[in-house]
Amino acid sequence: MSHDDQSHSPHGHNPREAPLDGGHGGQGHDARLGGGIDLPSNPPPSGASDVHDRAIPSATPVRRSGPLRNPEGILHPIQDSEYFSEDAEATDRVSAHIDEYFNQPLDIFPFWETEGKPDRFHVLFARQIEERFPIESDLRADIYTYGRRVFDALRVHVLVKRLNQALAMAGFGALAVLGPTYFSQWTGTDTAGAGLAAGAMLVALGLYWGIQQILFIQYRFRLENDSYQLSREIVQRTRELQNLFTSGRAMADQAETRYQQDGKAWGQRALYLTRLTMWLGARMEYLEKYVQMELWRVRRERYWMRWLARLLTPMVFLAGAAVIAVQSAPEGHEVAFRGLQALAIGLSAVVGLLSYFRWQTPTSAVQDKLGIENWVRYASLDVDNAVADQVRRDKERLVEYRALTRGGR
């Protein structure tokens, strides 16, 4: 679609942005900056104005079932049949989506930010992608939800490990008290009671190990299952984009027999198809960037949760050891109790070390099951060479046509 045709795209003036020079054209200053800085007039090309009444893009993408824009913007999601439709309305609708990316300048000072603290960069980046590629909001919502599920599962896993650590220490402390009292009365001697309590502590340690291992297997299975499901969705979407990209490349040449006597119409169609292929490549690129951003957040959150674990693990141990240590020995059973008390503190230290160094969230639970080697990547589209090759073929055919025409004379 040419610039003249683009002028019919559903874009308008953004009332949030003050015009330069009071709207009189020429040179002036940006009223938003509050200063007298002279700026050269650099208007956008025809059809590149911002959407009228731009809605603040969401930082947390959600699945949409209704319109993507207000009535003055993009009305509906693109149907598969509309990409290569000959209908003018369908072409304009797709072109409006294309304009969202190619004809919308980045907000150097984002219009949605207040005078307070600026957005974190990942929020800024997510908002820009949300505004430029609303058509991908469904998959981005799934990617975002996946990242939050991974973080929520990590938090639960860390808290459960600390809770199990505390429960194991409470069990050791209770057995240290029961050994020289209840167990000794039951067995008849302090030695037998202490031995029975010590054996029970080792059994409690084994139970702690087994329960924690089962919980970790369930936790890892959940991560792997979520990763596998998300990977399937991304593989499906990227392959669809690849097929559309390949079809768009081929159609410009395939239309030659249809436009044998109408070079201008063929040129307009080829212009639209070229823009379409470049936009499909941009969709693939920014989808890949969004995945990268969300997985970066997951890795950062895992990093800080490990620091939290480094603080909580010794705190739980020290608190539990202090409670065990302050217990007074039963009268007449001090030797047996002190021995069991020392064993309880020692096993508590073992549990603390196991709690931190084992059952950590494996990076492979996400990285391997995502299987990014099966995704169609932006680089595999080879957008620059695809478009350049189209231009090369057109120029070669033009020269061949001229040579044939001159030879016929």
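Residues numbered from 1 in each chain as written. Predicted model: local features only at pLDDT ≥ 70, side-chain atom pairs only at ≥ 80, totals over all residues. Heavy atoms only, no water.

> Could you give an account of the packing of helix H4 (residues 137–187) against helix H6 (residues 263–325), naming the residues involved and the relevant values?
Close contact between H4 and H6 brings their axes to 10 Å; oriented N to C, the two are set at 10°. Relative to H6, the element H4 lies roughly parallel. For the contact of H4 with H6, the residue count by class is 22 nonpolar, five polar and eight charged. (Axes fitted to C-alpha atoms, helices over the stretch in contact; angles between N-to-C directions. Helix = DSSP H or I, 4+ residues; strand = E, 2+ residues; numbered from the N terminus. Parallel < 35°, antiparallel > 145°, perpendicular 65-115°, else oblique. Nonpolar A, V, L, I, M, F, W, Y, C, P; charged D, E, K, R; others polar.)

> Hey, could you go over the environment of Arg 377 for me, with residue numbers and the actual values?
Positionally, Arg 377 belongs in the loop between helix H8 (364–370) and helix H9 (378–381). Separated by 96 residues in sequence, Arg 377 and Gly 281 place their C-alpha atoms 9.6 Å apart. Apart from residues lying up to four places away in sequence, Arg 377 is in contact with Met 284, Glu 288 and Ile 372. (Contact = heavy atoms within 4.5 Å.)

> Can you explain unusual backbone geometry? Please cite residues and give values.
One non-glycine residue, Trp 359, lies in the positive phi region at around 60°. Tracing the backbone through its elements, the reader meets Trp 359 in the loop between helix H7 (334–357) and H8. For Trp 359, a relative accessible area of 4% puts it in the buried group. (Buried < 20%, exposed > 50% of the residue type's maximum accessible area, 1.4 Å probe, protein only.)

> Just give me the short version of the side chain of Glu 285, but keep the residues and values in it.
Within the secondary structure, Glu 285 sits in helix H6. Leave out the neighbours within four places in its chain, and Glu 285 touches Tyr 101 and Tyr 378.

> Can you tell me about the packing of aromatic side chains, naming the residues and giving the values?
If you walk through the whole model with that rule in mind, you get twelve aromatic pairs. With 6.3 Å between their ring centres and 15° between their planes, Phe 121 and Phe 125 make a pair best called stacked. Taken together, the residues span about one helical turn, with Phe 121 and Phe 125 both in helix H3 (residues 121–132) at a distance of four residues. By relative accessible area, Phe 121 is classed as exposed at 62%. Exposure remark for Phe 125: the relative accessible area of 17% places this residue in the buried category. The side chain of Arg 148 reaches across the aromatic face of Tyr 144, ending 5.9 Å from its centre. Here Arg 283 stacks its cationic end above the ring of Trp 279, 4.9 Å away from the centre of that ring. (Phe/Tyr/Trp six-rings, centres within 6.5 Å; stacked < 30°, edge-to-face > 60°. Lys NZ or Arg CZ within 6 Å of the ring centre and 35° of its normal.)

> Let's hear about the pattern of salt bridges: which residues, and what values?
Using the criterion set out here, one finds 25 salt bridges in the structure. Close ionic contact of Arg 140 with Glu 130 constitutes a salt bridge, the shortest N to O distance being 2.7 Å. Residue Arg 140 is found in helix H4, and its partner Glu 130 is found in helix H3; the two are separated by ten residues along the sequence. Put simply, Asp 253, Asp 389, Arg 392, Arg 393, Asp 394, Glu 396 and Arg 397 are held in one network by salt bridges that share partners. (Salt bridge = Lys/Arg side-chain N within 4 Å of Asp/Glu carboxyl O.)

> Now, about H3: what can you tell me, with residues and values included?
Relative to the 16 Å expected for twelve residues at 1.5 Å per residue, H3 spans 17 Å between its end C-alpha atoms, a close match to the ideal helical length. Most of H3 sits inside the fold, with eleven of its twelve residues counted as buried. (Expected span 1.5 Å × (residues − 1).)

> Now, about the environment of Leu 354: what can you tell me, with residues and values included?
Among the secondary structure elements, Leu 354 is positioned in helix H7. With 193 residues separating them along the chain, Leu 354 and Lys 161 place their C-alpha atoms 9.8 Å apart. Setting aside residues up to four positions removed in sequence, Leu 354 forms contacts with Trp 209 and Trp 359.

Everything listed here is a matter of geometry and, on its own, says nothing about what the molecule does.
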